[in-house]
Amino acid sequence: MTDHHKDPQAVSWGDLAEDRDEPVHPVRGSDVRPVFPRNSQDNLAANMPLVQLLQERAVRKGATPGQIDLAWLLAQKPWIVAIPSTTRLSHLLENIGAEEVRFSPDELQEFNTALANITIHGDRLPSAALAMTGVEAPPR
C-alpha cells in the first residue's frame, strides 16, 4: 500500500477513472497498465473511492476524470509540467483540454482535503521500474 497523493510528481490517476463505474481491468490489446500494481484487481477495487472522487469533480467542472487528474497536478506548483502518455488522438485532445480546467483556491483545498482522506492502494509502477524513478541516466 502506497500513499502517493502527497507527492504530486508521482501521481497519475486518470487511467484509474477512465470510463469506470466498477473495478475492472482496463485491458485492451497491448495495454500494459494491468502490470502496474495500482491496477491489480484488488487494488482497483480498493481505489474506487478515488475514482468516485475524480468522477464527482469531473461532473462539477464539466470535464472528464482524466482532465481533473491533470488539472489538479498542474495546480500544485507553477513549475509542474504534466507529461501524459496516450496512444489515441482522442485521449491527446482530452489531455490538452485539462489546460482549460481551473480550480479556485477553495475548490483546490476541498479537493485536497477529500484526497487526503483516501488511501491509494498499490504502487504506480512495477518495483523494478519504480526503483529507476528519479535516477539520472548515465552519461554517454
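Conventions adopted
Residues numbered from 1 in each chain as written. Predicted model: local features only at pLDDT ≥ 70, side-chain atom pairs only at ≥ 80, totals over all residues. Heavy atoms only, no water. Helix = DSSP H or I, 4+ residues; strand = E, 2+ residues; numbered from the N terminus. Buried < 20%, exposed > 50% of the residue type's maximum accessible area, 1.4 Å probe, protein only. Contact = heavy atoms within 4.5 Å. Areas by Shrake-Rupley, 256 points an atom, 1.4 Å probe, with all protein chains shown as cover. Salt bridge = Lys/Arg side-chain N within 4 Å of Asp/Glu carboxyl O. Core = buried A, V, L, I, M, F, W, Y, C linked by side-chain atoms within 4.5 Å. Patch = residues over 30% accessible without salt bridge, like charges linked within 9 Å, V, L, I, M, F, W, Y side chains within 5 Å. Axes fitted to C-alpha atoms, helices over the stretch in contact; angles between N-to-C directions. Parallel < 35°, antiparallel > 145°, perpendicular 65-115°, else oblique. Left-handed = near helix turned anticlockwise from the far one by under 90°. pLDDT = per-residue confidence, 0-100. Phe/Tyr/Trp six-rings, centres within 6.5 Å; stacked < 30°, edge-to-face > 60°.

Asker: Can you help me understand the overall build of the chain in this one?
Answerer: The helix and strand tally for the chain stands at seven helices and zero strands. Burial analysis of the chain (140 residues in total) assigns 36% to the buried set. In the chain, of all internal contacts separated by at least 6 residues, the share reaching a separation of at least 24 is 70%. When the accessible surface of the chain is split by element, carbon and sulfur atoms take 56% of a total near 8,600 Å².

Asker: Looking at this structure, I do not really get the pattern of salt bridges. What am I missing?
Answerer: Side-chain pairs of opposite charge can arise where the charged atoms are in close proximity. Under the defined criterion, the tally for this structure stands at six salt bridges. Residue Arg60 pairs with Glu110 through a salt bridge whose shortest N-O separation is 3.0 Å. Note that Arg60 is positioned in helix α3 (residues 48–61) and Glu110 in helix α6 (residues 105–116), a separation of 50 residues in sequence. Look at Glu110 and you get partly exposed, because its relative accessible area is 36%. Where salt bridges share partners, they join Glu56, Arg57, Arg60 and Glu110 into one cluster.

Asker: Is there a simple way to explain the nonpolar core in this structure?
Answerer: Residues Leu50, Ile68, Trp72, Phe103, Phe111 and Leu115 are the most contacted members of the largest nonpolar core, which totals 17 residues. In contact with Ile68, not counting residues within four places along its chain, are Leu54, Arg57, Ala58, Lys61, Ala63, Val101, Phe103 and Phe111.

Asker: What is the right way to read a nonpolar patch on the surface from this model?
Answerer: Together, Leu89, Leu92, Leu93 and Ile96 line one region of the surface with nonpolar side chains, adding up to about 410 Å² of accessible area. Its place among the elements puts Leu92 in helix α5 (residues 89–97). Here Leu92 falls in the partly exposed class, since its relative accessible area comes to 39%.

Asker: Would you explain the packing of α3 against α6 in this entry?
Answerer: Each pair of packed helices gets described by two things: the angle between the helix axes and the distance between those axes. One way to put it is that α3 packs onto α6 with a least axis distance of 11 Å and a crossing angle of 165°. The angle between the axes of α3 and α6 places the two elements in the roughly antiparallel class. In terms of crossing hand, the pair formed by α3 and α6 is right-handed. Where α3 abuts α6, its residues Leu50, Leu53, Leu54, Arg57, Arg60 and Lys61 lie against Glu107, Glu110, Phe111, Ala114 and Leu115.

Asker: I tried to follow the confidence of the model for the chain on my own but got confused; where do I start?
Answerer: For the chain, mean pLDDT is 81; residues scoring 70 or higher make up 79% of the total. Within the chain, the lowest mean pLDDT, 55, falls on helix α1 (residues 14–17), and the highest, 95, falls on α6. In this model, residues 1–11 is a region of pLDDT below 50 whose contacts with residues beyond four sequence positions or in other chains number 31 contacts.

Asker: Any chance you could explain the packing of aromatic side chains here in plain terms?
Answerer: Aromatic rings in a pair are described by how distant their centres are and how their planes are angled relative to each other. Tallying each qualifying case throughout the model produces two aromatic pairs. With a centroid separation of 6.3 Å and 45° between ring planes, the pair formed by Trp72 and Phe111 is classed as tilted. Of this pair, Trp72 sits in helix α4 (residues 65–76) while Phe111 sits in helix α6, and the two are 39 residues apart along the sequence. A residue is classified by how much of its surface remains accessible, and Phe111, at 0% relative accessible area, is buried. Each ring, one from Phe103 and one from Phe111, has its centre 6.0 Å from the other, and the planes form 40°; the classification is tilted. Side by side, Phe103 and Phe111 carry an identical accessibility label, which is buried.

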